[in-house]
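Structural description and commentary
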Amino acid sequence: MKIETFILEREQSLWENEVKYNLSESGVHPGSINNHFSTQDIDDILNTELTYGFTRGSPELRQNISQIYSNIKPDNILVTNGSAEANFISILTHLSAGDELIYMIPNYLQIQGIARAIGVDVKPIWLKEKLNWNFDLNELESLITNKTKMIAVCHPNNPTGSVLPDEQINAIISIAEKNGIIVLADEVYRGAELNGVECSSFIETEYENVIVNSGLSKAYGFPGLRIGWTVGNSSYIHQAWSTKDYTSIAPGRLSDVMATKILNYDFRQNMLARTRSVLRQNLDIMQVWAATYNGQFNFILPQAGAMAFMKYSFNVNSTELVERIRDEQSVLLVAGDWYGMDNYLRFGYGTKRNSLIKALELCDKVFKTL
Ligand SMILES: Cc1ncc(COP(=O)(O)O)c(C=O)c1O
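The rules behind each value
Residues numbered from 1 in each chain as written. Predicted model: local features only at pLDDT ≥ 70, side-chain atom pairs only at ≥ 80, totals over all residues. Heavy atoms only, no water. 1 Å grid on protein atoms, 1.4 Å probe; cavity = no way out; pocket = protein on both sides within 12 Å on 5 of 7 lines; lining within 4 Å. Points joined across faces, edges and corners; volume = space filled by probe spheres on them. Nonpolar A, V, L, I, M, F, W, Y, C, P; charged D, E, K, R; others polar. Near = heavy atom within 4 Å. Polar contact = N/O pair within 3.5 Å; in protein donor to acceptor, adjacent residues only side chain to side chain. Areas by Shrake-Rupley, 256 points an atom, 1.4 Å probe, with all protein chains shown as cover. Sits in = over half its atoms within 2 Å of the grid points. Helix = DSSP H or I, 4+ residues; strand = E, 2+ residues; numbered from the N terminus. Pairing = 2+ DSSP bridges. Axes fitted to C-alpha atoms, helices over the stretch in contact; angles between N-to-C directions. Contact = heavy atoms within 4.5 Å. Buried < 20%, exposed > 50% of the residue type's maximum accessible area, 1.4 Å probe, protein only. Right-handed = clockwise from strand over helix to strand, strands pointing away.

1. Quick word on empty space enclosed by the protein
Overall, the coordinates contain two cavities of 30 Å³ or more when judged by the stated rule. Lining the largest cavity are I68, Y69, E187, R190, E198, S214, Y220, W229 and R268. Across the lining of the largest cavity, the residue classes tally to four nonpolar, one polar and four charged. Taken together, S26, G27, V28, Y189, A192, K218, A219, T275, L279, G305 and A306 form the lining of the second largest cavity. Taken together, the residues of the lining of the second largest cavity break down into six nonpolar, four polar and one charged.

As structure tokens, this is what we get:
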């Protein structure tokens, strides 16, 4: 299997720990165990025996995950190492060479890379800025052939932060149902909505061929735990669990214990409230900053996630711009190029407030020369 370079992740892996200010993250700045867990919790963590634990995730963790959704039982959940592993497993479980995948673009692009590597034909369905980063349902229908096996969406979307209206979710589901197509929704940003209202999950539409993948990295601010999950019907979960025997066997034992605590009702509500408050305060900073450029930066306000996806009018390539800001000012941004969309930059605004202000001042030093 020859797999293409996943440019966004590669660039982050190379540079995120080298720069002084990392604005390439799409979640809020993570806390530590001491910040977030009680003494009793810490004691429980320290006394956990480091066995393999439960390869599909402990019953307690799956129980707590099931409570996030209105219609899901613990047996419909497989715990994974990040939502990245959930996506990997979903694709390996369901798709093979010659299948067609309709893929929401722009997107995180992990699913596209894996699918192409195994010989799947990936057909983009574009979110359009003029449609408030939604897509045209007629276009979606026109892409379906008898080889279409799956429609994959990222909802809320990375990088635009857009959330689909319920009518669009229902319409996608009914198109998929009519054609016997699986819907895969990467919902890792669900819970990080700026208006404080959790958006609808595709799994709650009750269509039996829906898979939802999510995790603790973004809305909860715990990427270092590497906890994700995949949710779907029993037959899918059974196959996905056996696919996972080949990838990572089990989630980390300590991560499972901590995730179980985080997803207890009160803890979960506190973490989501913290995330939303950081996002709201920092988005204000982004807006005020962008306004100083008198139209040279434009963006549709994100509805979820810590990403401001801005179109710029300077006559310079986005990769060059990101490299210049990184090398001259030690600030890492994400280039639109890495999404196949030049003339955009993604600013991760979930970092600490003072760091965000300082990093934007440093970016000014480059932008003001253009
Ligand atoms: C849409 C989306 N899915 C999945 C991931 C992977 O996240 P993790 O494996 O940390 O849950 C990311 C990371 O940025 C993402 O943006």
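2. Points about the site of the ligand
The local shell around the ligand holds 14 residues, among which S83, D186, Y189, S217 and R226 are the closest. A84 has a polar backbone atom sitting 2.9 Å from an oxygen atom of the ligand. Surface burial for the ligand is 94%, taken as the share of its 400 Å² of free accessible area covered by protein chains. Spatially, the ligand is embedded in the largest pocket. With four residues, the top contributor of residues to the shell around the ligand is helix α5 (residues 82–94). By residue class, the composition of the shell around the ligand is five nonpolar, six polar and three charged.

3. Section: the sheet that holds strand β4 (residues 121–126)
Taken in spatial order, the seven strands make up an open sheet running β2-β8-β7-β6-β5-β3-β4, and their pairing is mixed. The sheet is open, and its two edges are formed by β2 (77–81) and β4, each paired on a single side. Each adjacent strand pair in this sheet contributes to an overall mean axis angle of 20 degrees, direction not counted. Pairing of strand β3 (residues 100–105) with strand β5 (residues 148–154), which is carried by four bridges, proceeds in the parallel orientation. By the bridge assignment for β5, Y103 is matched with A152. Seen against the sheet, helix α4 (residues 59–66) touches β2 and β8 (227–231) and runs at an angle of roughly 105 degrees to β2.

4. Thoughts on the sheet that holds strand β13 (residues 344–348)
Read across the sheet, four strands follow the order β9-β10-β13-β12 without closing on themselves; strand pairing throughout is antiparallel. The open sheet has two free edges, formed respectively by β9 (297–298) and β12 (334–335), since each of these has just one partner strand. Examined bridge by bridge, β9 and strand β10 (residues 307–312) share two bridges and lie antiparallel to one another. Paired with F297 across the two strands is Y312, which belongs to β10.

5. Observations regarding the pairing of β5
Within β5, six of the seven residues are buried, which leaves it mostly tucked inside the rest of the structure. Sheet analysis places β5 next to strand β6 (residues 182–186), joined by five bridges and oriented parallel. Bridge assignment links C154 to a residue of β6, and that residue is D186. With respect to chirality, the unit in which β5 leads through helix α8 (residues 166–179) into the neighbouring parallel β6 is right-handed.

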